[in-house]
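# Architecture and fold: a report
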Amino acid sequence: MSLDALATKINQYVEDMELATARVYIEENIEILKEHKNMLNKNARELLDFLLKLHADGGQPLTRMDMAIINAINTYASKFDVRGIKMLVKDNPNLLLRKDTPAYLNADAKIILEGMGAI
C-alpha cells in the first residue's frame, strides 16, 4: 500500500471514530508514519503520538480480551453488581495494576474499585 493511501485510510478511520482499526494500521506502519507524520490529520497525529509514547514507556497495548474485561467491569459497575466485579478482579488482578487501565473505566467502576482497594 502506498504512503498516500495509508495516510488517507488512517485519516478516514479516525474521522469515522473507528479508532481500533486506525490503531492497527498505525502500529503496523509506525516507523514509516514517524517520518511522514505531516500526512496525517490532527487527530490521527495525536493517536500516533499516543502510541509512540506508549511504546517508548515499554507498555503493551491492551488486547481485545483486556478491553472485553474492562467493558464487563464497566457494565457491572453501572448495574452495581459488586459480585460480578469481584469475580473479574479476582481473575484479572494484573489488568487493574496497569497505569493505563483507569482511563478506560467509567466513573461508577472507578468509585467501586477504589472502595474495594483494587485501584
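Reading guide: rules and limits
Residues numbered from 1 in each chain as written. Predicted model: local features only at pLDDT ≥ 70, side-chain atom pairs only at ≥ 80, totals over all residues. Heavy atoms only, no water. 1 Å grid on protein atoms, 1.4 Å probe; cavity = no way out; pocket = protein on both sides within 12 Å on 5 of 7 lines; lining within 4 Å. Points joined across faces, edges and corners; volume = space filled by probe spheres on them. Helix = DSSP H or I, 4+ residues; strand = E, 2+ residues; numbered from the N terminus. Nonpolar A, V, L, I, M, F, W, Y, C, P; charged D, E, K, R; others polar. Salt bridge = Lys/Arg side-chain N within 4 Å of Asp/Glu carboxyl O. Buried < 20%, exposed > 50% of the residue type's maximum accessible area, 1.4 Å probe, protein only.

## Quick notes on the layout of surface pockets
One number sums up the size of the largest pocket: a volume of about 510 Å³. Forming the boundary of the largest pocket are 17 residues, of which Leu 19, Ala 20, Thr 21, Arg 23 and Met 67 lie nearest the centre. Counting residues per element, the ones that place at least two in the lining of the largest pocket are helix H2 (19–28), helix H4 (42–56) and helix H5 (64–78). A per-element tally of the lining of the largest pocket places H2 first, with six residues. Class assignment for the residues of the lining of the largest pocket results in ten nonpolar, three polar and four charged.

## Description of the pattern of salt bridges
Considering all chains together, one arrives at four salt bridges under this definition. Here Asp 49 and Lys 37 are joined by a salt bridge, their closest N and O atoms 2.5 Å apart. With a gap of twelve residues between them, Asp 49 in helix H4 and Lys 37 in the loop between helix H3 (30–35) and H4 connect regions that are remote in the sequence. The class of Lys 37 is partly exposed, set by a relative accessible area of 29%. When the shortest N-O distance is used, the salt bridge between Asp 66 and Arg 98 registers 4.0 Å. Residue Asp 66 is located in helix H5, and its partner Arg 98 is located in the loop between helix H7 (93–97) and helix H8 (107–116); the two are separated by 32 residues in the primary sequence.

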